[in-house]
Amino acid sequence: MLETNEPLNSRAAAVLDEWFADGNAVLFDIETTGLSHRRTQLYLIGAIARENGLWTLRQWFLDDAKEEKELLIAFSAYIRQFSGTSSDPPLLVHFNGDTFDIPYVHSKCDCYGLPDPFDGMISLDLYRKLRPYRHLFGLEKMRQKDLEQYLGIGREDSMDGGELIRVYQSFLRTKDGEALRLLLLHNHDDVTGMAELVSALAIADFFSSPASCSKPVVDGDSLVFTVCSHHALPDHFLQQALPLKVLMGRPSSSAMTRAALPAADPVSITLKWQPLESDGQKSDALHSSESDLQNNDALQPSESNLQKNDTLQLSVPLFRGTLLHFFPDYRNYWYFPAQDGVIHKDLAIYADAGHREKARPENCYQRVTSVFCPQPEEIYTPVCCRSYKSFPSWFVYSEDVFKDEVKRLSYIHSLLQQIL
């Protein structure tokens, strides 16, 4: 068995320092001669962890097919030393390892009567975390190499797993140095590439739980929110995926329920990014007062709010006009067809019975004229709609409606989920 080690390149190390500041993480990847642990062999493991303050890549290579057990013992001894370095369970970081790498190693250890090397560790599968955003990346497949290429992560290796099986089999016969180099290189680039892919977690982090969101400013017929991520978003994602303009759609529900509801109104939201260095361009975030909003006056651009890699702008359309507020307790109302309106039963008893009828869910409403914001789920109340059960619903905008930051973030989260 051969063992190598080298310091991680500075770019990948910087990513790991940002995400795992306490050093409590181990990244790993394995190479095998096939998918079945019973009929194939584990011949190479690569792992990255912080040793003596430096992120270090280690590789264990099986140059003798009879020493597979020794390879597993060496790797297990290495990885267990990080289990006690923090009060928090260490992270085991991998790409699709929940499906293949971890079960494969478990099975091999069982075959040799060895303990589970990953006991007490928390699995972080980059593939599973990033797969929900595949359509944002425009990728048909979510192989690690595809994602690396999309994010501009370079690699010297150009071989795939199938080709490497033949290379390894050839190495066992010939002990050829070039074959050894190719095998180590592929695993090296897989693990170091994975380290750089950790930066893409900022995308998942942003859509699932943005760090902060400013109170919005008005830009013509839109509200513009400045939304910040906990971590810097990858340059290639910002430049290639944004701006994004999407139509709001109903949250997931059963097909039968969706079929019974009216089609969604064509209401779009826009997510965009403006580079920090943009030749003097100013932010599109604009300032206004309530009187400016009501008068629909043109607004002046901010002089000092250029966007950074952790800051995006989310634009939501405003609607100025009349919508309907439907009363849920329609049985307490009478509907008057001539006026196309309802009156509570306590007052309706004084009206001529021939001019009224019992209200139904679809006609028990009152008209509201104001300036409205759309929402994909009921966060702000009272709720108004264009028609009964139409989507999205709307709420009345005012300068104070977004004062509560927790509620504001909940609203932003619901809008970001529309993009996904």
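Since the structure is predicted, the reported quantities are computational estimates derived from the model, not experimental observations. (Residues numbered from 1 in each chain as written. Predicted model: local features only at pLDDT ≥ 70, side-chain atom pairs only at ≥ 80, totals over all residues. Heavy atoms only, no water.)

Undergrad: Account for the sheet that holds strand S15 (residues 341-344), with residues named and values stated.
TA: Here 3 strands make up an open sheet; going across it, the order is S15-S14-S16 and the pairing antiparallel. The open sheet has two edge strands with one neighbour each: S15 and strand S16 (357-358). Across 4 bridges, strand S14 (residues 333-336) lies against S15 in antiparallel orientation. Across the sheet, residue Phe 336 finds its bridge partner in S15, namely Gly 341. (Pairing = 2+ DSSP bridges. Helix = DSSP H or I, 4+ residues; strand = E, 2+ residues; numbered from the N terminus.)

Undergrad: Just give me the short version of the environment of Cys 364, but keep the residues and values in it.
TA: Here Cys 364 is to be found in the loop between S16 and strand S17 (365-375). In this structure, Cys 364 is in contact with His 325, Phe 326, Phe 327, Tyr 330, Tyr 333, Val 342 and Ala 359, ignoring residues within four places of it in sequence. (Contact = heavy atoms within 4.5 Å.)

Undergrad: Please provide a residue-by-residue account of the environment of Leu 62, values included.
TA: You can see Leu 62 is positioned in the loop between strand S4 (54-61) and helix H2 (68-80). Taking C-alpha positions, Leu 62 is 4.8 Å from Met 1, a pair spaced 61 residues apart along the chain.

Undergrad: Describe in detail the packing of aromatic side chains, supporting the description with residues and values.
TA: Enumeration according to the criterion identifies 30 aromatic pairs in this entry. Seen in terms of ring centroids, Tyr 380 and Tyr 411 are 5.7 Å apart; in terms of plane orientation they differ by 75 degrees. Their pairing is edge-to-face. Within this pair, whereas Tyr 380 is found in the loop between S17 and strand S18 (393-396), its partner Tyr 411 is found in helix H14 (residues 405-419), the two being separated by 31 residues in sequence. The pair Tyr 380 / Tyr 411 is uniform in exposure class, with both members buried. These aromatic residues form a ring-pair network of at least three members: Phe 28, Trp 60, Phe 75, Tyr 78, Phe 82 and Phe 118. Note that Arg 356 overlies the ring of Trp 334, its terminal NZ or CZ placed 4.3 Å from the centroid. Lying across the ring of Phe 319, Arg 386 places its NZ or CZ 4.5 Å from the centre. (Phe/Tyr/Trp six-rings, centres within 6.5 Å; stacked < 30°, edge-to-face > 60°. Buried < 20%, exposed > 50% of the residue type's maximum accessible area, 1.4 Å probe, protein only. Lys NZ or Arg CZ within 6 Å of the ring centre and 35° of its normal.)

Undergrad: Any chance you could break down the layout of surface pockets for me, citing the residues and the numbers?
TA: By volume, the largest pocket is sized at about 780 Å³. Lining the largest pocket are 25 residues, with Asp 29, Glu 31, Gly 161, His 186 and Asp 190 positioned closest to its centre. Those elements that place two or more of their residues in the lining of the largest pocket are strand S2 (25-32), helix H6 (144-150), helix H7 (161-174) and helix H8 (177-197). Of the residues belonging to the lining of the largest pocket, the class tally is 9 nonpolar, 7 polar and 9 charged. (1 Å grid on protein atoms, 1.4 Å probe; cavity = no way out; pocket = protein on both sides within 12 Å on 5 of 7 lines; lining within 4 Å. Points joined across faces, edges and corners; volume = space filled by probe spheres on them. Nonpolar A, V, L, I, M, F, W, Y, C, P; charged D, E, K, R; others polar.)

Undergrad: Now, about the packing of helix H1 (residues 10-19) against H8: what can you tell me, with residues and values included?
TA: Direction vectors running N to C along H1 and H8 enclose 45 degrees, while the axes themselves pass 8 Å from each other. Classified by the angle between their axes, H1 and H8 sit oblique to one another. Crossing handedness for the pair H1 and H8: left-handed. Between H1, through Arg 11, Ala 12, Val 15 and Leu 16, and H8, the contact on the second element is made entirely by Thr 192, Ala 195 and Glu 196. Grouping the amino acids of the contact of H1 with H8 by side-chain chemistry returns 4 nonpolar, 1 polar and 2 charged. (Axes fitted to C-alpha atoms, helices over the stretch in contact; angles between N-to-C directions. Parallel < 35°, antiparallel > 145°, perpendicular 65-115°, else oblique. Left-handed = near helix turned anticlockwise from the far one by under 90°.)

Undergrad: Provide a residue-level description of the pattern of salt bridges, including the pertinent values.
TA: Under the counting rule described, the total for this entry stands at 19 salt bridges. Here Lys 403 makes a salt bridge to Asp 400, at a shortest N to O gap of 3.8 Å. On the accessibility criterion, Asp 400 (49% relative accessible area) is partly exposed. Linked by salt bridges that have partners in common, Lys 145, Glu 148, Arg 155, Asp 157 and Asp 190 make up one network. (Salt bridge = Lys/Arg side-chain N within 4 Å of Asp/Glu carboxyl O.)

Undergrad: Please provide a residue-by-residue account of H2, values included.
TA: Taking 1.5 Å per residue as the helical rise, H2 with its 13 residues ought to reach 18 Å, and the 18 Å between its terminal C-alpha atoms agrees with that figure. Residues of H2 that are buried include every one of Glu 68, Leu 71, Leu 72, Ala 74, Phe 75, Ser 76, Tyr 78 and Ile 79, and no others. In this fold, the buried residues of H2 make contact with S2, strand S3 (42-51), S4, strand S5 (91-94) and helix H3 (101-111). (Expected span 1.5 Å × (residues − 1).)

Undergrad: Account for helix H9 (residues 201-208), naming residues and giving values.
TA: Counted residue by residue, H9 has 7 buried out of 8 residues, so it is predominantly covered. Along H9, the residues classified as buried are Leu 201, Ala 202, Ile 203, Ala 204, Asp 205, Phe 206 and Phe 207.

Such coordinate-based values are descriptive only and should not be taken to indicate function.
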